[in-house]
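# Residue-level structure breakdown
Given next are the chains, with one letter for each unit.
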Amino acid sequence: MNKTKVAIIGCGKQAPKHISGLEKIPGVEILLADKDVSLAKKLGEIHGLPWVEKLEDIFSDESIAAVDICTPTTSHVQLIRTAIEAGKDFFCEKPLTDNLDEANEVTHMLEKSNRIGMVGYIYRFSPIFEHGHSLLTGGVKDDESVVLGKITTALFRLGGRGSHQLWKHRCKHGGGAINEMLVHMVDLAIWYFGPVGEVRVLAHDLLRPQREIQGVIHDVDAEDYVIVRLTMENGVDVLCLADMVTPAFTQFIEVQGERGTFFGSIQPQMPSFLYLEQDSLGFKKGRNELNFYNCNFFEAQMSDFIKAIRNAEQPSRSTISDSVMLMEAMAKIKKEIGLGQY
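Structural notes, computed from the coordinates. Every value quoted in this text rests on a predicted model; they were computed, and no experiment measured them.

Quick look at the overall build of the chain now. A tally of helices and strands in the chain yields 9 helices and 15 strands. Taken against the 2.2 N^0.38 rule, which gives 20 Å for 342 residues, the C-alpha radius of gyration of the chain at 21 Å falls within 12% of a compact globule. Taken over 342 residues, the chain has a buried fraction of 54%. Here the analysis covers contacts within the chain between residues at least 6 apart in sequence; of these, 68% occur between residues at least 24 apart. Working note: accessible area of the chain is about 15,600 Å², and carbon and sulfur atoms make up 50% of it.

Structure representation (structure tokens):
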């Protein structure tokens with residue numbers, strides 16, 4: 001098997017997760033880089049991986065097939081630009097860029113170069129959500145081809161207590177329930193139902209203006225509770241609820257169709273099931289339990305990226321066009337609230 005060499009750029013908190021995914025894939029070699037070489041060296045020593053002294057060494061090395069960008073968002077567009085110019089494919093942590101203008105620039109660069117690009121929206125690689133997507137695929141064009149028939153409404157929920165890192169609760173650092181939580185549920189809604197048409201923000205609040213983080217009380221200003229109603233272009237009505245005040249992490253999707261309900265969650269203690277009013281496409285009337293194994297989402301995500309590189313075709317999901325569609329939806333949400341671009 002030919003080796004696929006990938007350079008991870010940015011050796012902060014996200015990098016170990018990417019390492020855990022990439023190192024499970026046969027034939028992948030990992031190299032580390034960071035503008036602070038001490039971080040690359042430290043992470044390299046922990047994981048037994050090589051690192052480079054200068055970022056330029058990554059882009060001049062023809063043996064490196066792709067870069068995996070785990071740096072702050074403000075640096076994404078320049079790193080992507082440099083990678084494409086160097087003839088390398090790229091994976092980028094979310095969000096793709098700071099704003100839609102930059103995202104459209106990336107789209108044009110990718111189209112001209114025929115390189116592979118992918119963005120890290122990890123929930124698309126949950127087995128239960130993959131199964132839910134397979135049950136719903138076709139509903140936009142042909143309601144008879146999906147188990148639930150015509151989809152009418154859906155609820156996407158993600159909640160957690162927050163208070164892990166101060167920056168996640170500060171507006172100037174891009175924190176808050178919208179950027180940290182809601183974006184993942186809107187992304188899933190787009191994956192399931194296509195582009196967003198209209199947006200209504202039903203709630204947008206800061207319920208806990210003080211947070212105890214690592215034993216210290218801090219004043220915070222980023223919203224920690226948001227409810228958004230999306231009317232998708234295909235007519236499906238979607239409610240997305242995200243917060244950073246739920247004491248115990250909770251996450252689920254509930255989809256209602258003319259023939260029944262799909263309920264799925266990444267939490268093993270929550271039931272995932274399909275309830276039908278009649279037999280439909282191999283599923284029986286009544287409750288059908290859906291038991292899907294837990295997996296390393298990062299391994300599944302990075303496997304999809306490596307497969308795309310080796311096959312010289314865009315990944316099966318979380319493409320650049322997917323990310324631009326999501327950014328357009330988030331821009332609509334933020335415009336209604338009066339916030340800046342996504």
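Bringing the packing of helix α4 (residues 76-85) against helix α5 (residues 100-113) into the picture now. Look at α4 against α5: their axes get within 11 Å of each other, and the N-to-C directions meet at 10 degrees. Considered as vectors, α4 and α5 are oriented roughly parallel to each other. Each of V77, I80, R81 and I84 in α4 lies in contact with α5, whose residues at this interface are E102, E105, V106, M109, L110 and S113. Of the residues assigned to the contact of α4 with α5, the class counts are 6 nonpolar, 1 polar and 3 charged.

The next point concerns the sheet that holds strand β1 (residues 4-9). The pairing of strands in a sheet happens through backbone hydrogen bonds and is either parallel or antiparallel. Across the sheet, 5 strands lie side by side as β2-β1-β3-β4-β5; this open sheet has parallel pairing. Of all strands in the sheet, those with a lone pairing partner are β2 (28-33) and β5 (117-120), marking the two edges. Taking each pair of neighbouring strands and ignoring which way they run, the sheet shows an average axis angle of 20 degrees. Across 4 bridges, strand β3 (residues 64-69) lies against strand β4 (residues 89-93) in parallel orientation. For I69, the partnering residue across the bridge sits in β4 and is C92. Contacts from α4 reach β1, β3 and β4, with the element oriented near 170 degrees to β4.

Below, the discussion takes up the pairing of strand β9 (residues 216-219). The two faces of a sheet get side chains in turn, since along a regular strand they alternate between them. When strand β8 (residues 210-213) meets β9, the two strands line up antiparallel, connected through 4 bridges. Bridged to R211 within β9 is H218.

What follows covers the pattern of salt bridges. What the rule picks out here adds up to 12 salt bridges. For R124, the salt bridge goes to D187, with nearest N and O atoms at 2.9 Å. Here R124, found in the loop between β5 and α6 (127-136), pairs with D187, found in helix α7 (residues 177-193); they are 63 residues apart in sequence, far enough to count as distant. Grouping residues by exposure puts R124 and D187 together as buried. Each member of the salt-bridge network shares a partner with another, and the members are R124, D187 and D322.

Time to look at the sheet that holds strand β12 (residues 250-257). Pairing is mixed across the open sheet formed by 8 strands, whose spatial order is β7-β10-β11-β6-β12-β13-β14-β15. Looking at strand neighbours, the two that pair on one side only are β7 (196-205) and β15 (286-289), the edges of this open sheet. Averaged over all neighbouring strand pairs, the angle between strand axes comes to 10 degrees, with direction disregarded. Judged from the 7 bridges that link them, strand β10 (residues 225-232) and strand β11 (residues 237-243) form a sheet pairing that is antiparallel. Bridged to V228 within β11 is C240. Running at roughly 155 degrees to strand β13 (residues 260-264), α6 makes contact with β6 (151-159), β12, β13 and β14 (273-276) of the sheet.

About the cut-offs
Residues numbered from 1 in each chain as written. Predicted model: local features only at pLDDT ≥ 70, side-chain atom pairs only at ≥ 80, totals over all residues. Heavy atoms only, no water. Helix = DSSP H or I, 4+ residues; strand = E, 2+ residues; numbered from the N terminus. Rg over C-alpha atoms; globule rule 2.2 N^0.38 Å. Buried < 20%, exposed > 50% of the residue type's maximum accessible area, 1.4 Å probe, protein only. Contact = heavy atoms within 4.5 Å. Areas by Shrake-Rupley, 256 points an atom, 1.4 Å probe, with all protein chains shown as cover. Axes fitted to C-alpha atoms, helices over the stretch in contact; angles between N-to-C directions. Parallel < 35°, antiparallel > 145°, perpendicular 65-115°, else oblique. Nonpolar A, V, L, I, M, F, W, Y, C, P; charged D, E, K, R; others polar. Pairing = 2+ DSSP bridges. Salt bridge = Lys/Arg side-chain N within 4 Å of Asp/Glu carboxyl O.

No statement about biological role is implied by the geometric values presented.
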